[in-house]
Amino acid sequence: MGWGIWRKACAGAALIAPLSSPALAQDEDTQFWVYAVAKTDLADDTALTLDFTQRWREQRRGDEQQTARFTVLHEVTDGVRLGGGGGVFETEGGRTELRPHQEIDLAFGRFSARTRIEQRFFDRADRMEVRVRQLVRYTQPFGGGVKLAVDGEYLGIAQSRTRGGNRPRDQWRARAILSAKVSDTLSLGGGYMLIHTPLDGRRDRINHVPEAYVTVRF
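First, a word on scope: everything that follows refers to the structure included in this document. Because the structure is a prediction, the values reported are computed rather than measured.

Definitions and cut-offs
Residues numbered from 1 in each chain as written. Predicted model: local features only at pLDDT ≥ 70, side-chain atom pairs only at ≥ 80, totals over all residues. Heavy atoms only, no water. Helix = DSSP H or I, 4+ residues; strand = E, 2+ residues; numbered from the N terminus. Areas by Shrake-Rupley, 256 points an atom, 1.4 Å probe, with all protein chains shown as cover. Patch = residues over 30% accessible without salt bridge, like charges linked within 9 Å, V, L, I, M, F, W, Y side chains within 5 Å. Salt bridge = Lys/Arg side-chain N within 4 Å of Asp/Glu carboxyl O. Buried < 20%, exposed > 50% of the residue type's maximum accessible area, 1.4 Å probe, protein only. Pairing = 2+ DSSP bridges. Phe/Tyr/Trp six-rings, centres within 6.5 Å; stacked < 30°, edge-to-face > 60°. Lys NZ or Arg CZ within 6 Å of the ring centre and 35° of its normal. Core = buried A, V, L, I, M, F, W, Y, C linked by side-chain atoms within 4.5 Å. Contact = heavy atoms within 4.5 Å.

1. Overview of the overall build of the chain
And then number 1: For the chain, the count of helices and strands is 2 helices and 13 strands.
And then number 2: Here the chain has roughly 12,000 Å² of accessible surface; of this, 57% comes from carbon and sulfur atoms.

Next comes the structure, spelled out in structure tokens:
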């Protein structure tokens, strides 16, 4: 039965975003992202998450990148959390992005949703970029601390960093993550994310991203 659930979940992830088969044959590459995550409770109803990533990417995709981000969320009522945070994104070659964000998280049993608004500040950009992210996730526990999370996310640019530049660019992501709790404070996981970026007048961009996760709670 577990294998059947896994197949259904993976099939669902592939259907979350509108990824057509012609687009999959377009401009593709493979990346590898590693996440180190730390979580703690600042109070009974307030949580802090720190996440750090190393992203191995081809030079034509922006080159390797390191990120550090924090998020503080406060539970205002059952299943509703509000908060925000910020991050620093460093790319090879000395390019830096500062990214504060605000978000609301909703939980409905095994389903959850996150709406996040990001203000992105780039070196030598004309102005601040504003991006809206909407994520929907389903989590399936299997017992023994093992669970599968399947999510889909839409990312839309409300204001581009270039005045009078190209029209805002959208992006779709579909992901599946299998994780296991190995102790009271440590979880390990692995996943796969498919990123689809439609591009007007050019071939759509497809990124295949295997992922590894290390999560510590303290």
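2. Some thoughts on unusual backbone geometry
And then number 1: Its identity as a non-glycine residue notwithstanding, Arg124 has a phi of 65°, on the positive side.
And then number 2: Here Arg124 lies in the loop between β8 (111–122) and β9 (129–143).

3. Let's talk about a nonpolar patch on the surface
And then number 1: A cluster of nonpolar side chains, namely Val182, Leu188, Val214, Val216 and Phe218, defines an oily patch on the protein surface of about 420 Å² accessible area.
And then number 2: By the secondary structure assignment, Phe218 is in the segment after β13 (205–217).
And then number 3: We classify Phe218 as exposed; its relative accessible area is 56%.

4. Structural notes on the environment of Leu178
And then number 1: Relative to the elements of secondary structure, Leu178 occurs in strand β11 (residues 170–181).
And then number 2: Separated by 34 residues in the primary sequence, Leu178 and Ala212 place their C-alpha atoms 9.8 Å from one another.

5. Digging into the pairing of strand β4 (residues 65–77)
And then number 1: Here 10 bridges tie strand β3 (residues 46–56) to β4, and the two strands are oriented antiparallel to one another. Note that in β4 the partner of Ala47 across the bridge is Leu73.
And then number 2: Bridge analysis of β4 against strand β5 (residues 80–91) gives 12 bridges, and the strand direction is antiparallel. By the bridge assignment for β5, Val72 is matched with Gly84.
And then number 3: Linkage of β4 to β5, two consecutive antiparallel strands, is achieved through a turn of 2 residues, within which Gly79 is found at a positive phi near 80°.

6. A look at the packing of aromatic side chains
When we look at a pair of aromatic rings, we describe it by the centre distance and by the angle of the planes.
And then number 1: Applying the stated criterion across every chain yields a total of 5 aromatic pairs.
And then number 2: Between Phe32 and Trp56, the aromatic rings sit 5.7 Å apart at their centres with planes inclined by 15°, giving stacked as the arrangement. Within this pair, whereas Phe32 is found in strand β2 (residues 32–43), its partner Trp56 is found in strand β3, the two being separated by 24 residues in sequence.
And then number 3: On the basis of an interplanar angle of 50° and a centroid distance of 4.9 Å, the ring pair of Phe111 and Tyr138 is categorised as tilted. Linking Phe111 in strand β8 with Tyr138 in strand β9, this pair joins segments that are 27 residues apart in sequence.
And then number 4: Of the residues examined, Tyr138 reaches a relative accessible area of 26% and is grouped as partly exposed.
And then number 5: One aromatic cluster is present, formed by Trp33, Tyr35 and Tyr213 through successive ring pairs.
And then number 6: Note that Arg55 overlies the ring of Trp33, its terminal NZ or CZ placed 4.1 Å from the centroid.
And then number 7: The ring of Phe122 has Arg161 sitting right over it, with the charged end atom 3.6 Å from the ring centre.

7. Observations regarding the nonpolar core
And then number 1: Grouped together as the largest cluster of nonpolar side chains are 8 residues: Trp33, Tyr35, Val37, Ile177, Met193, Ile195, Val209 and Tyr213.
And then number 2: Sorting the residues of this core by element identifies β2, β12 (186–197) and β13 as the ones contributing at least two each.
And then number 3: Of the residues forming this core, the biggest block, 3 residues, is contributed by β2.
And then number 4: Look past the residues within four positions of Val209 in its chain and what remains in contact with it is Gln31, Trp33, Gly191, Tyr192, Met193 and Ile195.

This is a description of form; function is not addressed.
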